[in-house]
Amino acid sequence: MRVYQKVFKNPWSYMIGGGILALLNILLLAATGTPWRVTGGFFYWGIWLFETFGVMVNTDISGVYDGLGPSETLLFNTVSILNLSVILGAMLSALSSNEFKRRKIKNKKQLIVGISGGFLMGYGARISFGCNVGSVFSGIPSFSLHGWIFWIFLTIGAYIGAKILMKYLL
Amino acid sequence: MKEIYLDCMYEVCPIPLIKASKELKKMEIGDLLIMKTDHNCSITNVIEWVEKQKLKMDYVEIDEGEWEIYIEKT
């Protein structure tokens, strides 16, 4: 019972969590040749959605297919498998700690703020070639300067965001 | 001694923590704040914050993935 509590129920420390994430990212880079990224997968899915409904995306300019391996498709590729696995892993963790629960939407304000926040995040992640995972978590260890610049502006943005949240949204 | 109930259901970090700190400022010494949340990160960061503030607190898992946090203003 004590072991169950420690391993599955209580949250792990930041040090242990960060260490495991770093180790897994190294293994992922060794195995697939690309470090962990997230929003690229949604980018591919978005293009798939557009193309399915007959909207042509200029893939020559945006270099979409450069990031995909020979046997990968817009729907089924390394990033989308990673994304689905993150959801699956999080679900397993919630189930094993007996905390799995369907979360409702609190009110209209939360819905509107959520949708607009998600839109801005998605747009920002695309024009900056990645999210905090692809740019900071994977970019900085890959010795990419863009990760540091991303990180500085992420901090400024989060600061402004927190001010807006405190002043207008709560 | 008053009991103040704070509904933080379906809300994610850092909103429950900010709501609690705003509420605590308005409360008087000896009052009890009862927060209800379904976000397990809130348990971690509210406990961390309350310990830094040196306030008395406790929490109970009232249902699967649902908690009540009790904070006493001292």
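Now for a look at the structure at hand. (Residues numbered from 1 in each chain as written. Chains lettered and ligands numbered in written order. Predicted model: local features only at pLDDT ≥ 70, side-chain atom pairs only at ≥ 80, totals over all residues. Heavy atoms only, no water.)

**Comments concerning the environment of K109 of chain A**
By the secondary structure assignment, K109 of chain A is in helix α6 (residues 108-127). Sequence separation between K109 of chain A and F143 of chain A is 34 residues; the distance between their C-alpha atoms is 41 Å. (Helix = DSSP H or I, 4+ residues; strand = E, 2+ residues; numbered from the N terminus.)

**As for the packing of helix α1 (residues 15-26) of chain B against helix α2 (residues 40-53) of chain B**
Residues and elements named next belong to chain B. Between α1 and α2, the least distance of the axes is 9 Å, while the angle of their chain directions is 35°. In the crossing of α1 with α2, the sense of the turn from one axis to the other is right-handed. Contacts between α1 and α2 involve P16, L17, S21 and L24 from the former and S42, N45, V46 and W49 from the latter. Residues of the contact of α1 with α2, tallied by class, amount to five nonpolar, three polar and no charged. (Axes fitted to C-alpha atoms, helices over the stretch in contact; angles between N-to-C directions. Left-handed = near helix turned anticlockwise from the far one by under 90°. Contact = heavy atoms within 4.5 Å. Nonpolar A, V, L, I, M, F, W, Y, C, P; charged D, E, K, R; others polar.)

**Focus: the pairing of strand β4 (residues 66-72) of chain B**
Residue and element names in this part refer to chain B. In terms of burial, β4 is largely enclosed, as five of its seven residues are buried. Bridge count for strand β2 (residues 32-37) against β4 is six bridges, and the pairing is antiparallel. Directly across from M35, in β4, lies its bridge partner I69. The pairing of strand β3 (residues 56-63) with β4 spans seven bridges and is antiparallel. When the sheet's bridge partners are listed, E61 is paired in β4 with W67. Count of turn residues in the β3/β4 antiparallel hairpin: two residues, of which G65 carries a positive phi of about 75°. (Buried < 20%, exposed > 50% of the residue type's maximum accessible area, 1.4 Å probe, protein only. Pairing = 2+ DSSP bridges.)

**A short note on the packing of helix α3 (residues 39-52) of chain A against helix α5 (residues 78-96) of chain A**
The description of two helices packed together rests on the angle between their axes and the distance between the axes. Residue and element names in this part refer to chain A. Running from amino to carboxyl end, α3 crosses α5 at an angle of 115°, the nearest separation of the two axes being 8 Å. By the angle between their directions, the pair α3 and α5 is classed as roughly perpendicular. Regarding α3 and α5, the two cross each other, and that crossing is left-handed. Of the residues in α5, those in contact with G40, G41, F42, Y44 and W45 of α3 are V79, S80, N83 and L84. A per-class count over the contact of α3 with α5 returns five nonpolar, four polar and no charged. (Parallel < 35°, antiparallel > 145°, perpendicular 65-115°, else oblique.)

**A short note on the packing of aromatic side chains**
All names here are of chain A. Counted by the stated rule, this structure contains five aromatic pairs over all chains. On the numbers, 5.7 Å between centres and 90° between planes, the contact of W36 with F137 is edge-to-face. Of this pair, W36 sits in the loop between α2 (14-32) and α3 while F137 is found in helix α7 (residues 132-137), placing the two residues 101 residues apart along the sequence. Centroid distance W148 to W151: 6.0 Å. Interplanar angle 80°. Geometry classified as edge-to-face. (Phe/Tyr/Trp six-rings, centres within 6.5 Å; stacked < 30°, edge-to-face > 60°.)

**A few points about the sheet that holds strand β1 (residues 3-8) of chain B**
All names here are of chain B. Sheet architecture is open: four strands sit in the order β1-β2-β4-β3, paired in mixed fashion. Because the sheet does not close on itself, it has two edges, and the strands there are β1 and β3. Taking the axes of each pair of neighbouring strands and ignoring which way they run, one obtains an average angle of 20° across the sheet. Across the sheet, α2 is in contact with β2, β3 and β4; its angle to β4 comes to roughly 15°.

**A short note on α3 of chain A**
Residues lying three or four places apart along an α-helix face the same way, a consequence of the helix completing one turn every 3.6 residues. Residues and elements named next belong to chain A. Here α3 contains 14 residues, and its C-alpha end-to-end distance of 20 Å stays within 8% of the 20 Å for a straight helix at 1.5 Å per residue. Residues of α3 that are buried: T39, G40, G41, Y44 and I47. Positive phi appears at G54, one or two residues downstream of α3, with a value of about 85°. (Expected span 1.5 Å × (residues − 1).)

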